[in-house]
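# An overview of the molecular structure
Letter by letter, the chains look like this.
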Amino acid sequence: MGLKWLWVVVLLSVLSLEVGWSNGCWEQERLALLQLKPFFPDLRRINWTEEEGSDCCQWERVECNKTTRRVTKLSLTSTIFNFQSIEKWYLNASLFLPFEELRTLYLNRSQIAGCVESEGFGKLSELNRLEILDLRGNYFNGSSLSTLTEISSPKSLYLAGNLLDRGSNYAQEFYALSNLETLDLSWNEVNQFVISKEKRCLRKLKILKLDGVSTKQSFSLVSLLEPFSSVKTISLTDNSYLNKTVITQELHMLRNVKDLFLDNTRLGINFLQSIGSLTSLKTLSLSNCGLIGTLPAEGWCYLKSLEELRLNGNALHDDIASCLDIGDIVGASFPGVLDDMGFARKYQLDYAEEEI
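Cut-offs and rules
- Residues numbered from 1 in each chain as written.
- Predicted model: local features only at pLDDT ≥ 70, side-chain atom pairs only at ≥ 80, totals over all residues.
- Heavy atoms only, no water.
- 1 Å grid on protein atoms, 1.4 Å probe; cavity = no way out; pocket = protein on both sides within 12 Å on 5 of 7 lines; lining within 4 Å.
- Points joined across faces, edges and corners; volume = space filled by probe spheres on them.
- Nonpolar A, V, L, I, M, F, W, Y, C, P; charged D, E, K, R; others polar.
- Core = buried A, V, L, I, M, F, W, Y, C linked by side-chain atoms within 4.5 Å.
- Buried < 20%, exposed > 50% of the residue type's maximum accessible area, 1.4 Å probe, protein only.
- Helix = DSSP H or I, 4+ residues; strand = E, 2+ residues; numbered from the N terminus.
- Contact = heavy atoms within 4.5 Å.
- Salt bridge = Lys/Arg side-chain N within 4 Å of Asp/Glu carboxyl O.
- Disulfide = S-S within 2.5 Å.
- Pairing = 2+ DSSP bridges.
- Axes fitted to C-alpha atoms, helices over the stretch in contact; angles between N-to-C directions.
- Polar contact = N/O pair within 3.5 Å; in protein donor to acceptor, adjacent residues only side chain to side chain.
- pLDDT = per-residue confidence, 0-100.

### With respect to the layout of surface pockets
Each pocket or cavity is described by its volume, and for the largest pocket that value is around 200 Å³. Lining the largest pocket we find Leu225, Glu226, Phe228, Ser229, Val231, Ile234, His252, Met253, Arg255, Asn256 and Val257. For the lining of the largest pocket, a count of residues per class yields six nonpolar, three polar and two charged.

### Details of the nonpolar core
Of all hydrophobic cores here, the largest spans 85 residues; its most connected members are Leu74, Phe96, Leu260, Phe271, Leu286 and Trp300. Elements represented by at least two residues in this core include exactly helix H2 (27-36), strand E1 (62-64), strand E2 (71-75), strand E3 (89-91), strand E5 (112-115), helix H3 (221-225) and helix H5 (269-273). The residues touching phenylalanine 96, leaving out its near neighbours within four places in the chain, are Leu36, Leu74, Leu76, Leu91, Leu105, Leu107, Leu124 and Leu127.

### Observations regarding the pattern of salt bridges
What the rule picks out here adds up to twelve salt bridges. Between aspartate 55 and arginine 69 there is a salt bridge, with its nearest N and O atoms 2.9 Å apart. Pair noted here: aspartate 55 is in the loop between H2 and E1 and arginine 69 is in the loop between E1 and E2, with a separation of 14 residues, a long-range link. When sorted by exposure, aspartate 55 lands in the same class as arginine 69, which is buried.

### Description of the state of the cysteines
Under the criterion given, the structure shown has two disulfides. Disulfide partner of cysteine 25: cysteine 56, at an S-S distance of 2.1 Å. Here cysteine 25 and cysteine 56 share a disulfide; its torsion about the S-S bond, 135°, makes the bridge right-handed. Placement of the pair is cysteine 25 in the loop between helix H1 (2-19) and H2 and cysteine 56 in the loop between H2 and E1, with a sequence separation of 31 residues. Taken individually, cysteine 25 and cysteine 56 each receive the classification buried, so the pair is uniform in this respect.

### Quick notes on unusual backbone geometry
Phi at arginine 61 is positive, roughly 75°, even though this residue is not glycine. Residue placement: arginine 61 occurs in the loop between H2 and E1. The phi angle at glutamine 111 is positive, at roughly 60°, despite the residue not being glycine. Along the polypeptide, glutamine 111 turns up in the loop between strand E4 (104-106) and E5. For glutamine 111, a relative accessible area of 3% gives the class buried.

### Considering the sheet that holds strand E10 (residues 233-235)
Taken together, the eleven strands give an open sheet; going across it, the order is E1-E2-E4-E6-E7-E8-E9-E10-E11-E12-E14, and neighbouring strands pair in mixed fashion. Every interior strand has two partners, whereas the edge strands, E1 and strand E14 (308-310), have only one. Adjacent strand axes in the sheet meet at a mean angle of 5° when their direction is disregarded. Where strand E8 (residues 182-184) lies against strand E9 (residues 207-209), three bridges are found, and the strand directions are parallel. Note that in E9 the partner of threonine 182 across the bridge is isoleucine 207.

### Some words on the side chain of serine 287
Tracing the backbone shows serine 287 in the loop between strand E12 (283-285) and strand E13 (292-294). Separated by 2.9 Å, the side chains of serine 287 and asparagine 312 make a polar contact. In this structure, serine 287 is in contact with Asp263, Asn264, Arg310, Asn312 and Asn314, ignoring residues within four places of it in sequence.

### A closer look at the confidence of the model for the chain
Summing up the model confidence of the chain, the mean pLDDT is 79 and the portion of residues at 70 or higher is 75%. Confidence drops under pLDDT 50 across residues 8-22; counting only partners more than four residues distant or on other chains, this segment forms ten contacts. Here residues 335-356 scores under 50 on pLDDT; set against residues more than four positions off or in separate chains, the count is 46 contacts.

This is the structure:
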């Protein structure tokens, strides 16, 4: 029996040498991390050491699977706020291929201007466990993101604050992302998404963020949202280009939406008069939308599922419709004849922070 166990120990030792695994992280992944270090300024200031045998699973910005000891999460976000001190550079996506179990990759605020030729995001198609890809706050344009069509595993894609107005044919970049559930395109230029009916994409998409988008002309909800019929949460905050009249006329586009955020987006009082078409709403946030006048009585009675309502920062008066069971609505805040806190106390309501 002792001889049998000896052979088992020897075999495991040989296998660990073959694949480069030890009690720490995998050696090839440790070396791959060191290859990334020169490209990300923050990494030069943390404990990524070249000492052989160092357990990279214990390094800052790195998380590993506790069983396999393979890297599952990389947080390479820059915390340097003086962007002018960092030179723009081009990413070689192949550098991430050694991380075969990678699930989450944060590359936001890294001054990335694009990808090295033939080394774009298509390379990440080999990482079939990748679920979250965060590219916010870089300099990617539509052309540099074209290779996203070659990957399908991500469930969440964050592209806010890039240069997507340059060279982008919207939605074509997302055809292959069949598993995508969250998409953030905030603070880019968006005119419309062009998708043929025969090639609709993003059928699993649940959360769409289009905060602060700019455009060369005012746009409608139809042009923005028609391709995304499955979306349940939409954030359109800080949008000065949305046409107030058209929004009201096209509210039917949002009839299946459960959570709607339009804070800091100028709306007309007619929007509230047509609110009854949004029968699926659970959360409605309209803070600081320039709403002035009497709070309309129409429509509220159809919002049977409403759980959270925010109307603060407007100039509305009169109570909410009596048919709405205000006692079941949490995190609500209202302006008007009563001061905000007075109204909240009247209905025993508390203020809530917005979070998506």
